[in-house]
Amino acid sequence: MSHYEAPIRKPLVTGDKSYHDVTVDIARPIEGRANKLWWIVFSIALFAFLWGLGCIIYTVSTGIGVWGLNNTIEWAWDITNFVWWVGIGHAGTLISAVLLLFRQRWRMAVNRSAEAMTIFAVVQAGLFPIIHMGRPWLAYWVLPIPNQFGSLWVNFNSPLLWDVFAISTYLSVSLVFWYTGLLPDFAMIRDRAKLPFQKKIYGILSFGWSGRMKDWQRFEEVSLVLAGLATPLVLSVHTIVSFDFATSVVPGWHSTIFPPYFVAGAIFSGFAMVQTLLIIMRKVSNLENYITVDHIELMNKVIIVTGGIVGTAYITEFFIAWYSGSPYEDYTYLSFGAATGPYWWAFWALIICNIIVPLSLWWKKMRRNIMWTFIVSIVINIGMWFERFDIIVLCLSKGRTPSTWAMFSPTFVDVGIFIGTIGFFFVLFLLYSRSFPVIAQAEVKSILKLSGDRYKAMREAQGDDVQLYELPKQQPLPDFEKLIAEQESQQEDVVEESGGLAEKLILNIGKASKEVADDLKRLSGVGPALEEKLNQIGVYTYNQISNMTEKEFGILDELIQKFPKSKTKFWAGEANLLNKK
Amino acid sequence: MANYTLQALYEDDDHLMKAVKETRSGNHHIEEVYTPFPVHGLDKAAGLKPTRMAITSFMYGVLGLGVAIWMMNFMMIDDWPRNIGGKPSFSYIQNMPAFVPIMFELTVFFAAHLMVITFYMRSKIWPFKKAENPDPRTTDDHFLMEVSAEKNNVQSVAEFLHATGAKEVTLKQS
């Protein structure tokens, strides 16, 4: 019964896979060659990235004035993109941490790629605050370090500084969590690699992982503790991002609902991005047996829940804006004014993409339809971008004084940088999908007997207590006593082959026998192995050692491989001392 | 006299667990087991002590919290108090609500990173470290148990391991 799982649960690994099949399937995309489609998509992504890079260089060299910002809307695309990317970066840690704590086994197939997505998305997010500083070479000013202004420290009361700590902690902890999980999988690739270059690279990447039982025990506990730490961390990060708005006095921003609603929205958009990426990846890398339709349906269920929270929050905000009776609330991003004003299209894009379209996932047929899921996931990504755009631009566009009301229109630089980060993200993800084990194969193997269809079928056919393995064909046992005897005689041969050198040595330093042997291990550089070799030659006592001169050490150097000749200058002294005791 | 190590190779985790239990009850010493994935219950069956990684993490977390409190008290209260929107700049405890986010973040930062570094150091894994699994198949689908033997009982231990159903039994070359 050690591998029992209720038969009603659908298998998480299909295709009759054994342990070795898992290895082969996960290693295939790395060991094979990239196909044409990969190169086409990679080229497009690279081009977009270079385009964005050009826009960033233009921004930095000319100034933030090249963006579409104006006196009223002094924060727009940059912060929208920042929040959008951080939000996407939430699903990975949620899958790897929260679902680990809840012992959800289906996470094993998707956690690696979701975490990779998280890291790449947070990298994109981190770019925006640095670019929008205008002088990115002064980015270190956000760090609490002694400085040239007479130790004028950073302001720890500011949510913007909390962001610095939250994002950098989140990025670095996610990276470490991801990398630690990768070590055994890199080791698998390393041990399969045939080309010396690959072997070397994956050898370095795997940190020399050997899979000892103590390492695994620590690995599992470290994973669990990291999951426990990452869970509040992931909630804190988007909470703090929402503080950037919630602690201000702008109508529509100073809202206590922001932290939970931002977190739910982040998970909502993150899962949508995971769906977008994995639906493509499972096809391109032939991983349909690991990322099954059931996985996609389960993720769709998470999307329903978080989308429901987000929808409820929208309706609450809308209701409160009306119910408060405050004229300032008339044009917050969720209000009657927003729905009918000049930004009506942004308002309805948000409602349609984030509430109405995802409602289709309540139907099981739609949830399990891969094409529809893919479309919905892209729609949600667009909708969540509009959510941030609405919060930022709509709320700013009609503030407390009508004379400052303004509209925002982005320039090609705004758009270019955003497209550039999407390109950068896909460049990183495409490189990852060809060089990293995209599924945590060690973890999948550990649940294979529970949830693999091969073993579920065995239990169904023969009962829950069936032995789930066949005894291997045993190789005949060699005669170890003979083997050891042969090895030892070879060693003795070495002494005899030395052409009487050993006899000459003993003649010079005097004979001794095993009965009067001293502990030669106390001499510097002598371990049990060397002591045994010395004994074989006939050197047993400190007295003999103290009789040795340069000439005798030379003989020993010839007789014994890896003889620590540099240490012998101490031996005579040490032997004399030890002899007196 | 010289000690010898026998390596028994298995193809399945359940089979390995059975062999580990038999080896322990047969009063043979298991030196090491190499597995391609975490086999649940193996550490207990092989008689390993529980790991203390979680305890170190807790201690590092407390350290991180202490560093955060010390740092913000020094910078915001002691060294250069500033009037920011009339917030209390003279007392750490009164200004603390604004410091809670960073106190939390640094606690997590220290607990996570220092624990992982401890794990890497204790398990001796770092870049350019050479792998020490004796057989490359142990990262794929094979399981290897190392059992120590004396010169005079090598053969009997090997026969014992053979009887547990090991696919191959070999002598470790020192």
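Everything numeric here is computed off the predicted structure, so don't read it as measured data. (Residues numbered from 1 in each chain as written. Chains lettered and ligands numbered in written order. Predicted model: local features only at pLDDT ≥ 70, side-chain atom pairs only at ≥ 80, totals over all residues. Heavy atoms only, no water.)

### A closer look at the overall build of chain B
Here comes step 1: Summing up its helical and strand segments, chain B has six helices and four strands in all.
Here comes step 2: What you see in chain B, going N to C, is helices and strands ordered as β-α-β-α-α-α-α-β-α-β.
Here comes step 3: For a compact globule of 174 residues, the expected C-alpha radius of gyration is about 16 Å, and chain B comes in at 26 Å, more than 25% above that figure.
Here comes step 4: Principal-axis analysis of the C-alpha atoms places the extent of chain B at approximately 80 × 30 × 30 Å.
Here comes step 5: A separation of at least 24 residues holds for 75% of the contacts in chain B among residues at least 6 apart in sequence.
Here comes step 6: Of the side chains in chain B, 16 bear a positive and 19 a negative charge, and the two mean positions are spaced by 6 Å. (Helix = DSSP H or I, 4+ residues; strand = E, 2+ residues; numbered from the N terminus. Rg over C-alpha atoms; globule rule 2.2 N^0.38 Å. Contact = heavy atoms within 4.5 Å. Lys, Arg positive; Asp, Glu negative; His and termini not counted. Charge placed at Lys NZ, Arg CZ, Asp CG, Glu CD.)

### Here's the deal with the interface of chain B and chain A
Here comes step 1: Contacts between the two partners involve 88 residues from chain B, matched on the other side by 75 residues from chain A.
Here comes step 2: In this assembly, chain B packs against chain A so that about 7500 Å² is buried in total across both faces, 63% of it on carbon and sulfur atoms.
Here comes step 3: Linking chain B to chain A there are five salt bridges.
Here comes step 4: Residue Asp12(B) pairs with Lys449(A) through a salt bridge whose shortest N-O separation is 2.6 Å.
Here comes step 5: If you look at where chain B meets chain A, you find 36 residue pairs in polar contact (both at pLDDT 80 or more).
Here comes step 6: Mapped onto the side of chain B that touches chain A, the elements with two or more residues apiece are strand 1 (3-10), helix 1 (13-25), strand 2 (30-34), helix 2 (42-45), helix 3 (53-79), helix 5 (100-122), helix 6 (154-163) and strand 4 (168-171) of chain B. (Buried area = accessible area lost by both parts, 1.4 Å probe. Salt bridge = Lys/Arg side-chain N within 4 Å of Asp/Glu carboxyl O. Polar contact = N/O pair within 3.5 Å; in protein donor to acceptor, adjacent residues only side chain to side chain.)

### Digging into the sheet that holds strand 4 of chain B
Residue and element names in this part refer to chain B.
Here comes step 1: If you trace the four strands from one edge of the open sheet to the other, you get 2-3-1-4, paired in antiparallel fashion. The open sheet has two free edges, formed respectively by strand 2 and strand 4, since each of these has just one partner strand. The average undirected angle you get between the axes of adjacent strands in this sheet is 20°.
Here comes step 2: With four bridges connecting them, strand 2 and strand 3 (residues 143-150) associate as antiparallel partners. Residue Ile30 lies in a different strand from strand 3, and its bridge partner there is Val147.
Here comes step 3: Relative to strand 1, helix 6 is tilted by about 15°, and along the sheet it contacts strand 1, strand 3 and strand 4. (Pairing = 2+ DSSP bridges. Axes fitted to C-alpha atoms, helices over the stretch in contact; angles between N-to-C directions.)

### Here we look at the domain arrangement of chain A
Here comes step 1: The assigned domain composition of chain A is domain 1 (19-451) and domain 2 (482-580).
Here comes step 2: Each of domain 1 of chain A and domain 2 of chain A has a C-alpha centre, and these two points are 66 Å apart. (Domains from an automatic or database assignment.)

### With respect to the nonpolar core
Here comes step 1: In this structure, Trp85(A), Phe156(A), Phe271(A), Leu6(B) and Met145(B) are the most contacted members of the largest nonpolar core, which totals 201 residues.
Here comes step 2: For this core, the element with the highest residue contribution is helix 6 (residues 159-192) of chain A, accounting for 17 residues.
Here comes step 3: Apart from residues lying up to four places away in sequence, Phe271(A) is in contact with Ala91(A), Leu94(A), Ile95(A), Trp106(A), Met299(A), Val302(A) and Ile303(A).
Here comes step 4: Of all hydrophobic cores here, the second largest spans 24 residues; its members include Leu530(A), Ile545(A), Trp571(A) and Leu578(A). (Core = buried A, V, L, I, M, F, W, Y, C linked by side-chain atoms within 4.5 Å. Buried < 20%, exposed > 50% of the residue type's maximum accessible area, 1.4 Å probe, protein only.)

### Remarks on a negative patch on the surface
Here comes step 1: Taken together, the side chains of Asp479(A), Glu481(A), Glu486(A) and Glu159(B) make up a negatively charged region of the molecular surface.
Here comes step 2: Here Glu481(A) lies in helix 18 (residues 480-497). (Patch = residues over 30% accessible without salt bridge, like charges linked within 9 Å, V, L, I, M, F, W, Y side chains within 5 Å. Areas by Shrake-Rupley, 256 points an atom, 1.4 Å probe, with all protein chains shown as cover.)

### What to know about helix 14 (residues 370-397) of chain A
Residues and elements named next belong to chain A.
Here comes step 1: Taking 1.5 Å as the rise per residue, helix 14 with 28 residues should run 40 Å; its terminal C-alpha atoms sit 39 Å apart, in good agreement.
Here comes step 2: Of all the bends in helix 14, the greatest, near 30°, is centred on Asp390.
Here comes step 3: For helix 14, the capping residue at the N-terminal end is Asn369, with a side-chain oxygen 3.0 Å from the backbone nitrogen of Met371. (Expected span 1.5 Å × (residues − 1). Bend = angle between axes of the 7 residues up to and from the residue.)

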